[in-house]
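Here's the letter readout for the chains.
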Amino acid sequence: MPANKITRALLSVTDKSGLLEFAKRLSALGVELVSTGGTAKMLRDGGLAVRDISDLTGFPEMLDGRVKTLHPKVHGGILHIRDNAEHVAAVTEHAIQPIDMVVVNLYAFEKTASKPGVAFADIIENIDIGGPSMVRSAAKNFNDVAIVTAAADYEAIADEMEANGASLSLATRWRLAKAAFATTAAYDTAISNALETLSEPDGTHTQPATVDEAAVPQALRLNLPLKGTLRYGENPHQAAAIYTDGTTKGIANATQLQGKELSFNNLVDLDACWELASEFTEPACAIIKHTNPCGAATGKSLVDAYLSALESDPISAFGGVIGLNRELDGATAEEIGKLFVEAIVAPSFSPAALEALAKKKNLRLLQIDPAHPKKALKQISGGMLMQDADRGSLASVELKVVTKRQPTPEELTALRFAWTVTKHVKSNAIVYARAATAADGTVFGQTVGIGAGQMSRVDAARFGAMKAVLPLDGTVAGSDAFFPFPDGLETVAQAGATAIVQPGGSVRDAEVIEAADRLGIAMVFTGMRHFRHG
C-alpha cells in the first residue's frame, strides 16, 4: 500500500512534552487539528487553530471528562477502511469525517498509583478508557491511520511527512502500530498489577492486600521494555538482550561512565557483587568471579576493605568484577588500578577516582542508583518459578548459642560477616572468615576461604580450606544450610576454625552439637537457611 496523506489528526495527551512544536509542523502541512480539554487549550495558547472534539462529534464532553472520545464519529472516523466501499458508504451516510492520525499518550496511572496513601478514587480515575480505545482502534487500522503514542517519535514523523507531502509510509504506520499495542499492553499490565496489591477499598482509601494475596499473584504479568541487545549471552553462540523495569534504579539501569560495552556475564556478575557489597553498612568491597565471591571484606575505609577483600584470593580476583557500597575515592581507585578487573560498580565515583582509572579505557565503570528486587524469577521448561528475593539477615533473627563455649565478641562479628557472605555463595557453601580489629577497636570482617557450589557440605568445607591463601587458624565458618552429619563440622575444625554459624534443623543436630563441644568449637544457630541454587 502506498503512503497515505494525513489530513486530520486527533491529539489528546497527558504528557504534553514536545506536542506544541509537533502540532505546529502538522498544521503547516495543512493537517486539521482536533483536540480535547487541556490539550486543546495548550495548543490554542500556542497560537494554533484547534477544533474541539465536541464540534466533531456533535456531543459535549461529559461525566467529568470520562466521556470525550467514546463516540462513533471518533471511532468510525478512525476505524473505517478507506478502500472498502461499504465502509465509505456507511461513514458518508452518518457524516463521519476521516481521522488519519491519532496522537495519544495515556493517564499517568503508575505515577498516581505509587503515591503513598493515594486515595482509591484517584487510582480509579487515573484508569484511562478513551485513550487506550483510540490507540487500539488506530493501531488496528494502521493501513489507513497513523497512531503516535511516544513523544520521541514526533520529530521523525514530522520529518517524513514534510519530505513526502504530508504522507507516512506503510512501514512507518506498521512500526507505530506495534509500538501502540505494546503501550496498551503495558498500561493494562500496570493497572492489573497495581490493583492486585490491594484488597477491597475501605471508604475512600485503599487497603493493602493480605500477605497471601500480595505474595502470590494470580497471574505473573511482566512488562520490561527492551533496553538494547548484547553482543552475546553467556557464550558467543547465544543471542542476548537486556530489558529494564522502567525505573532508573539497579544494575539494568545503571549509568556506564567508562569502558567497553557490558557483556551478559559482566551484568550478571556486577549484580551479584553489588548485592553482596550493599549488605553492609560499614565500608565494604566484594570481588566476584563467575557469580561467586572470591573475596569480600569490610573495613575502616573503602581502601582497607578493598585490600582485605583482594588479600583473600588475589589469583581469582584477576579478571573479576568489584562492587563497592561507598563512593569510589581516589586512594581506592589507585589500588584497584594495579589489578586487571573487568568492571566496577559503586553508587558514585569521585573526580579523583575517575582520573585514576581513565587510563584503563576498557575498564567498565558503572554508577548505580541502589535498588533491590522484591521477587526472584527463574525460567524452567514450560513455565516460570517465582519466589521472594532472599532479604533474610541476622538483624531479623535471634542467634542461639547451642554449644558449651560461647563465641568471643570478635568471633561473633566474624560469624555475622561469614553468614552474610554465605547468602551470596552458590550452594553448598562454606565460608571461612576472620575478624580484623582497627586501631580504634572497631572489628571488621574478611573472607579467608570460600567453598562454593559443591555437591556435599563436607566437600564445600574441604574446598574452602583448600582455597585459603591466608592462615585458617582462628577463623570462623559460615554454612548456608545445616550439617547433616558431624563430618562437615569436623572438617571445618581440622582446618583451624574456632566457631561456626549455621541454620540448624538437622535430625542429627544433637550429634553435631556434641562434636562441636568435643572439639571446643563455639556454634550458633540462626534458624534461617540461605540456599542459592543459581
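Scroll up a little and you will see the structure.
What counts, and where the lines are drawn
- Residues numbered from 1 in each chain as written.
- Predicted model: local features only at pLDDT ≥ 70, side-chain atom pairs only at ≥ 80, totals over all residues.
- Heavy atoms only, no water.
- Helix = DSSP H or I, 4+ residues; strand = E, 2+ residues; numbered from the N terminus.
- Rg over C-alpha atoms; globule rule 2.2 N^0.38 Å.
- Buried < 20%, exposed > 50% of the residue type's maximum accessible area, 1.4 Å probe, protein only.
- Pairing = 2+ DSSP bridges.
- Polar contact = N/O pair within 3.5 Å; in protein donor to acceptor, adjacent residues only side chain to side chain.
- Contact = heavy atoms within 4.5 Å.
- Core = buried A, V, L, I, M, F, W, Y, C linked by side-chain atoms within 4.5 Å.
- Axes fitted to C-alpha atoms, helices over the stretch in contact; angles between N-to-C directions.
- Parallel < 35°, antiparallel > 145°, perpendicular 65-115°, else oblique.
- Left-handed = near helix turned anticlockwise from the far one by under 90°.
- Nonpolar A, V, L, I, M, F, W, Y, C, P; charged D, E, K, R; others polar.
- Patch = residues over 30% accessible without salt bridge, like charges linked within 9 Å, V, L, I, M, F, W, Y side chains within 5 Å.
- Areas by Shrake-Rupley, 256 points an atom, 1.4 Å probe, with all protein chains shown as cover.
- Salt bridge = Lys/Arg side-chain N within 4 Å of Asp/Glu carboxyl O.

Undergrad: Where do I start with the overall build of the chain in this structure?
TA: Looking only at helices and strands, the chain has 20 helices and 23 strands in total. In terms of overall size, the chain is more extended than a compact globule, its C-alpha atoms giving a radius of gyration of 30 Å where 534 residues would be expected to give roughly 24 Å. With the C-alpha coordinates aligned to their principal axes, the bounding extent of the chain is approximately 95 × 55 × 45 Å. Looking at the chain residue by residue over its 534 residues, the buried ones come to 47%.

Undergrad: When you look at the pairing of strand β9 (residues 240-243) in this model, what are you seeing that I'm missing?
TA: Regular strands place side chains that alternate from one sheet face to the opposite one. Residues A240 and I242 of β9 are buried on one face, while the alternating residues A241 and Y243, pointing to the opposite face, are not. Bridging between strand β8 (residues 226-230) and β9 involves four bridges; their strand directions are antiparallel. Counted as the bridge partner of L230 is A240 from β9.

Undergrad: Even after reading the chapter, I still don't get the side chain of D480, so can you show me in this structure?
TA: Note that D480 resides in the loop between β21 (476-479) and α19 (486-495). The exposure class of D480 is buried, given its relative accessible area of 0%. There is a polar contact of 2.5 Å between the side chain of D480 and the side chain of S427. Once residues lying within four places of it in the same chain are set aside, the contact partners of D480 are W419, T422, S427, N428, A429, R457, P503, R529, H530 and F531.

Undergrad: Just to check I follow, could you spell out the nonpolar core for this structure?
TA: One broad rule of soluble globular proteins: the nonpolar side chains tend to lie buried together. Judged by nonpolar contacts, the single largest core of 53 residues is most densely connected at L19, F22, M101, V102, V103, I147 and M161. Looking at this core element by element, the count peaks at seven residues for helix α10 (residues 170-196). Not counting chain neighbours up to four residues away, the residues in contact with V102 comprise L10, I78, M134, A138, V145, A146, I147 and V148. With 43 residues, the next largest nonpolar core counts A240, A286, V425 and V431 among its residues.

Undergrad: Mind showing me how you'd approach the packing of helix α18 (residues 457-467) against α19 here?
TA: When two helices pack together, their arrangement is given by the angle between their axes and by how far apart the axes lie. Where α18 contacts α19, the axes come no closer than 8 Å and their chain directions differ by 15°. One finds that α18 runs roughly parallel with respect to α19. In the packing of α18 onto α19, the handedness of the crossing is right-handed. On α19, the residues touching V458, A461, R462 and A465 of α18 are D487, G488, T491, V492 and A495. The class makeup of the residues in the contact of α18 with α19 is five nonpolar, two polar and two charged.

Undergrad: Just to check I follow, could you spell out a nonpolar patch on the surface for this structure?
TA: Among the surface-exposed residues, L220, L222, L224, L226, Y243, L377 and M384 lie close enough to one another that they form a single nonpolar patch of about 650 Å² accessible area. Its location among the elements puts L220 in the loop between α11 (211-215) and β8. In this structure L220 comes out as partly exposed when scored by relative accessible area, which is 41%.

Undergrad: Can you help me understand the environment of L26 in this one?
TA: Locating L26 in the fold gives a position in helix α1 (residues 19-28). Counting along the chain gives 475 residues from L26 to V501, while the straight-line C-alpha distance between them is 70 Å. Ignoring any residue separated from it by four or fewer positions in sequence, one finds L26 in contact with A9, V31, L33, M101 and M161.

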